[in-house]
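As a plain string of letters, each chain reads:
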Amino acid sequence: TLASIHHRLGQYGPALEIIQKAIAIQEQNPNNAHPSTATSYDILADIRIGQQDYEKALEAAQRAVVLKEQNFKPGHPSFTANSVHYVFHIYHSTRI
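Residues numbered from 1 in each chain as written. Predicted model: local features only at pLDDT ≥ 70, side-chain atom pairs only at ≥ 80, totals over all residues. Heavy atoms only, no water.

Student: When you look at unusual backbone geometry in this model, what are you seeing that I'm missing?
Tutor: Where the residue is not glycine, phi is negative for most of them; where a peptide bond is considered, it is trans in most cases. With phi around 60°, Gln52 is a residue other than glycine that occupies positive phi space. Within the fold, Gln52 resides in the loop between α3 (35-50) and α4 (54-71). (Helix = DSSP H or I, 4+ residues; strand = E, 2+ residues; numbered from the N terminus.)

Structure below.
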């Protein structure tokens, strides 16, 4: 996504603005538990980790996990991949 590209370039401001707009649009959808919303929260968590804002990264990663739990059975590759990794990474990095 465009937000991910900005993030990889170290341009956290534009990345954050884009992904927050995307999430705001997705959350207005009656089916805001759609898997793409979870993916957006994964991207938000990744950006926040890059900014070393671990509390907000954890909030985003936990929201992604909740959305994925609503869409996938435990063990499904889409469930276990990014979100759980982000939560682990944040806890490991900060010992929150």
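Having seen it, we continue.
Student: Explanation requested: the environment of Ala61 in the structure shown.
Tutor: Secondary-structure assignment places Ala61 in helix α4. Looking at Ala61, the relative accessible area reads 0%, which means it is buried. (Buried < 20%, exposed > 50% of the residue type's maximum accessible area, 1.4 Å probe, protein only.)

Student: Is there a simple way to think about the pattern of salt bridges in this case?
Tutor: Between side chains of opposite charge, a pair can form when the charged atoms approach closely. Applying the stated criterion across every chain, the model contains 5 salt bridges. A salt bridge links Glu17 to Lys21, with the shortest nitrogen-to-oxygen separation between them at 3.3 Å. In this pair, Glu17 and Lys21 both sit in helix α2 (residues 12-28), 4 residues apart, roughly one turn of the helix. (Salt bridge = Lys/Arg side-chain N within 4 Å of Asp/Glu carboxyl O.)

Student: I tried to follow the side chain of Gln26 on my own but got confused; where do I start?
Tutor: On the secondary structure map, Gln26 appears in helix α2. Assessed through its relative accessible area of 17%, Gln26 is described here as buried.

Student: Hey, could you run me through the environment of Ser40 in this one?
Tutor: Counting through the fold element by element, Ser40 comes out in helix α3. With 21 residues separating them along the chain, Ser40 and Ile19 place their C-alpha atoms 6.6 Å apart. Setting aside anything within four residues of it in sequence, one finds Ser40 in contact with Ile19, Ile23 and Gln26. Among the polar contacts listed, one links the side chain of Ser40 to the side chain of Gln26, at a separation of 2.8 Å. (Contact = heavy atoms within 4.5 Å. Polar contact = N/O pair within 3.5 Å; in protein donor to acceptor, adjacent residues only side chain to side chain.)

Student: Teacher, can you tell me more about the nonpolar core here?
Tutor: Nonpolar side chains in soluble globular proteins tend to end up buried together. Counting residues in each nonpolar core, the largest one holds 16 residues, and the members touching the most others are Ile19, Tyr41, Leu44 and Ile47. Among the secondary structure elements, those contributing two or more residues to this core are α2, α3 and α4. In terms of residue count, the dominant contributor to this core is α3 (6 residues). For Ile47, the contacting residues outside a window of four places in its chain are Ala3, His7, Tyr12, Ala15, Leu16 and Ile19. (Core = buried A, V, L, I, M, F, W, Y, C linked by side-chain atoms within 4.5 Å.)

Student: It is not clear to me how the packing of α3 against α4 should be interpreted in this structure. Could you clarify?
Tutor: How two helices pack is summed up by the angle between their axes together with the distance between the axes. Two elements in contact, α3 and α4, have axes separated by 8 Å at closest approach and are oriented at 160°. Comparing their axes, α4 and α3 come out roughly antiparallel. The two elements α3 and α4 meet at a crossing, and its hand is left-handed. Facing α3, whose interface residues are Pro35, Thr37, Ala38, Tyr41, Asp42, Leu44, Ala45, Arg48 and Ile49, α4 presents Tyr54, Lys56, Ala57, Ala60, Ala61, Arg63, Ala64, Leu67, Lys68 and Asn71. Residue composition of the contact of α3 with α4, by class: 12 nonpolar, 2 polar and 5 charged. (Axes fitted to C-alpha atoms, helices over the stretch in contact; angles between N-to-C directions. Parallel < 35°, antiparallel > 145°, perpendicular 65-115°, else oblique. Left-handed = near helix turned anticlockwise from the far one by under 90°. Nonpolar A, V, L, I, M, F, W, Y, C, P; charged D, E, K, R; others polar.)

Remember that the coordinates give geometry; whether it matters functionally is a separate question.
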